[in-house]
Amino acid sequence: MKERITGSEALMRSLEHEGVKTIFGYPGGAIMPVFDALYDHLDRLNHILVRHEQGAAHAAQGFARVSGQVGVCLVTSGPGATNTITGVADAMIDSTPIVVIAGQVGAGLLGTDAFQEVDLVGVTQPISKWSYQIRRAEDVAWAVARAFYIARSGRPGPVVLDFTRNAQTELADYEPVSLDFIRSYDPDPETDPKMVAEAVRLINEAQKPLVLVGQGVELGNAQEELKVFVEKADMPCGCTLLGLSALPSNHRLNKGMLGMHGNLGPNVKTNECDVLIAVGMRFDDRVTGKLETYAKQAKVIHLDVDPSEIGKNVPVDVPVLGNCKRTLALLTELIQPHKHTEWIESFKPYEEKEFEQVIRKEVYPESGPINMGEVVHAVSEATRNEAILVTDVGQNQMMACRYFSFSKKRSIVTSGGMGTMGFCLPASIGATFGCPGRTVCAFMGDGGLQMTMQELGTVMEQKAPVKIILLNNNYLGNVRQWQAMFFNRRYSFTPMMNPDYMQIAAAYGIPSRRVMERGDLGDAIQEMLATDGPFLLEVCVVEEGNVLPMTPPGSSVNYMLMEC
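This one's a predicted model, so the numbers in the text were calculated from it and none came from an experiment.

Trainee: I'd love a proper account of the packing of helix α11 (residues 223–233) against helix α14 (residues 324–334), names of residues and values included.
Mentor: As a packed pair, α11 and α14 sit with axes 9 Å apart at the nearest point and diverge in direction by 25°. The angle between α11 and α14 falls in the class roughly parallel. Here α11 and α14 pass one another in a crossing that is left-handed. Two secondary-structure elements touch here, α11 through E225, L226, V228, F229 and K232 and α14 through K325, L328, L331, T332 and E333.

Printed below as a string of structure tokens:
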């Protein structure tokens, strides 16, 4: 027998039916009935009160990225809803499954410019997988089931539910809904056997194959399938920013990071390989550089679940549609065992050149101020390369991704496509709830920290065990680097006047330490890792350091500056 309950209660039960246990949110007038219903479910639903709605969206992203589950945030209408939009857009471009549930004015007031009314569906449709307004209590269970199915299936992404106040308070018969099919929505397209056969032929005949590993491997839980695939055909790999932990950093076939600030070897070899196999990546401009010169000599095989990505930026010779967990297994079964010893050895001169000209100076300096890279490397080593890396955006992001090493899957959380400053702190909070048994190291710059610094309040309240590593160079470092390289060192509004972060940490009851001398770094890292709960480690690093190598914007991917 169906039970007659309010729309708010139906939402709570529907979330529980989807397996939700953690919600990030902030209450307000238009969502108050939902929060009242939540009060009776706190034994089953853990609500994390953030300090700003943008923080709720980013925390949901961090939770989703490390757990593989759908992240959920709950906010009010008007500014509460619009404050999540940066997180929605970020989740869309980085394929992160989150569901944003926002309050809305009553259906009878829609279109009247009522207090805190905004057309959230209209605003978010272009930046979400699905955006829907719930106007009736009887539609709640259906809408929630559809939202979670869309968010997690195929190429994951954000879904927005705009929940009118009348639908929250009205009564309706409730019955849980489960959904695994939507007409006209094909989240896992059928794989063409002819394309598989052609891809196998090209791989078997290749003398210089190169595999580009994207986040799709992580999203498809295909880490083991990737490993077996590349080992059988003995193919070197380069990883995108979001795909860095899909293959262990120390794997002999992992040749490093692709892109503007990636490693020299895989970037140069992109324009030398004869077969390029892209797995779950979208040929972002930061990876390809100048498209007119990108891998023109190679046959391109693209494995992706999203047909809209095939040929969007780079012409593809062989599209292999479908979840890469399945398509990689299909290819592996048919490809021949191979050895590409000479091709793999050809990466070594570039590795040695990068080490001597860049890495040695950055990670193992003999004197001078502390470098960002040596801090990242030291933290990674101290965690035995087993921690989750969360970064903000800018030099701290590129240095962290270059010099942190990964031994476990789903270990990197960063804002790739949007490049959202302020992402790190709330996302790292979400990561501690998504994987509570793992160490979460959050690298951020002084600029990014101050964009969402209020979330230190959430850290304080939840005792979230985030290890915050603040790389303080008193600049908006990445912009300053570009100003130095391309704008005649005209530092227009990039120097930063910073507060005393130790006092700020103390105000939130968070243990902290400031390091200014290289000799104190190792001890400070050990203190941070040995401290139960959160810790803020501020490291005063070289002010005008640069992230190298670098492919200048508009240049070919194989042209990388080793100094500037």
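Trainee: Let's hear about the side chain of Q397: which residues, and what values?
Mentor: When you line up the elements, Q397 lands in helix α18 (residues 395–403). Classification of Q397 as buried rests on a relative accessible area of 5%. A polar side-chain atom of Q397 sits 2.8 Å from a polar atom in the side chain of T414. Every residue in contact with Q397, bar those within four places of it in the chain, is listed here: L241, T391, D392, T414 and S415.

Trainee: How would you explain the pattern of salt bridges if you had to name every residue and give the values?
Mentor: Note on pairing: side chains with opposite charge can pair once their charged atoms come close. A full pass over the atoms with the stated rule returns 32 salt bridges. Put simply, D43 and R44 hold a salt bridge, and the shortest N to O gap is 2.9 Å. A salt bridge links E527 to R513; its shortest N-O distance comes to 2.8 Å. Linking E527 in helix α24 (residues 521–530) with R513 in strand β19 (residues 512–515), this pair joins segments that are 14 residues apart in sequence. A relative accessible area of 33% places E527 in the partly exposed class. Connected through shared salt-bridge partners, R155, D306, E309 and K312 make up one network.

Trainee: I'd like a rundown of α11, residues and numbers included.
Mentor: Looking only at α11, the buried set comprises Q223, E225, L226, F229, V230 and A233. Seen from one end, α11 has its buried residues packed into an arc of 160°, which puts them on one side. Buried residues along α11 sit in contact with α9 (193–205), β9 (209–213), α10 (216–219), β10 (237–239), β12 (275–279) and α14. Count one or two residues on from α11 and you reach D234, which has phi positive near 55°.

Trainee: So what's going on with the sheet that holds strand β6 (residues 130–134)? Residues and values would help.
Mentor: Overall, parallel pairing links the six strands, which are arranged β3-β2-β4-β5-β7-β6 in an open sheet. Of all strands in the sheet, those bounded by a partner on one side alone are β3 (46–49) and β6. When the angles between neighbouring strand axes are averaged without regard to direction, this sheet yields 20°. Note that strand β5 (residues 98–104) and strand β7 (residues 158–164) share seven bridges and pair parallel.

Trainee: Describe the nonpolar core, naming the residues involved and giving the relevant values.
Mentor: Within soluble globular proteins, side chains that are nonpolar generally end up buried alongside one another. V211, F229, I277, I301, V375, V379 and F443 are the most contacted members of the largest nonpolar core, which totals 74 residues. Those residues in contact with V379 that lie beyond four places of it in its chain are F404, C441, F443, I469, I525 and M528. Counting residues in each nonpolar core, the second largest holds 35 residues, with M12, W130, V140 and I182 among its members.

Trainee: Any chance you could break down the packing of aromatic side chains for me, citing the residues and the numbers?
Mentor: Scanning the model with the defined rule gives 13 aromatic pairs in all. With centroids separated by 5.1 Å and ring planes inclined at 15°, the aromatic side chains of W130 and Y132 adopt a geometry described as stacked. Its relative accessible area of 22% is what places Y132 among the partly exposed residues. Pairwise contacts between aromatic rings join F24, F63 and F433 into one cluster. A cation over a ring is seen here: K269 above F347, with NZ or CZ 5.8 Å from the ring centre. Of note, R480 hangs over the ring of Y475, and the distance from its end group to the ring centre comes to 5.7 Å.

Trainee: Summarise helix α1 (residues 7–17); cite the residues concerned and give the values.
Mentor: For α1, the tally of buried residues reaches eight of 11 residues, placing the bulk of the element in the interior. Within the span of α1, buried status applies to G7, S8, E9, A10, L11, M12, S14 and L15. Just downstream of α1, G19 is the residue with a positive phi angle, here 90°.

What counts, and where the lines are drawn
- One numbering rule holds for all chains: residues counted from 1, following each sequence as written.
- Predicted model: local features are reported for residues with pLDDT of at least 70 only, side-chain atom pairs are reported and counted for 80 or more only, and whole-chain, interface and lining totals are derived from all residues.
- Excluded from the side-chain calculation are hydrogens and water; included are all heavy atoms of the structure.
- Convention adopted: a line fitted to C-alpha atoms gives each axis, helices being fitted over their contacting stretch, and angles between N-to-C directions are expressed from 0 to 180 degrees.
- For helices the rule is a DSSP run of H or I covering at least 4 residues; for strands it is a run of E covering at least 2, with both sets numbered from the N terminus onward.
- If an angle is under 35 degrees, it is roughly parallel; if it is over 145, roughly antiparallel; if it lies from 65 to 115, roughly perpendicular; otherwise it is oblique.
- Put simply, a crossing is left-handed when the front helix is turned counterclockwise from the back one by less than a right angle, and right-handed when it is turned clockwise.
- Whether two residues are in contact is decided by their heavy atoms, any of which lying within 4.5 Å being enough.
- Each residue gets one of three labels from its accessible area relative to the maximum for its type: buried under 20%, exposed over 50%, partly exposed in between, using a 1.4 Å probe on protein chains only.
- Each polar contact in these results corresponds to two N or O atoms within 3.5 Å; when the atoms are within protein, one needs to be able to donate a hydrogen and the other to accept it, and residues that are neighboring in sequence are counted only if both atoms are side-chain atoms.
- Each reported salt bridge corresponds to a side-chain nitrogen of Lys or Arg within 4 Å of a carboxyl oxygen of Asp or Glu.
- In this description, the arc belongs to the directions extending from the helix axis to the C-beta atoms.
- Strands are labelled as partners when DSSP assigns at least two bridges between them.
- What we call a nonpolar core is a set of buried Ala, Val, Leu, Ile, Met, Phe, Trp, Tyr and Cys residues that are connected through their side-chain atoms within 4.5 Å.
- Whether two aromatic rings pair depends on their centres lying within 6.5 Å, for rings of Phe, Tyr and Trp, where Trp uses its six-membered ring; planes under 30 degrees apart make the pair stacked, over 60 edge-to-face, and the rest tilted.
- The rule for a charge over a ring is simple: NZ of Lys or CZ of Arg within 6 Å of the ring centre, and within 35 degrees of the ring normal.

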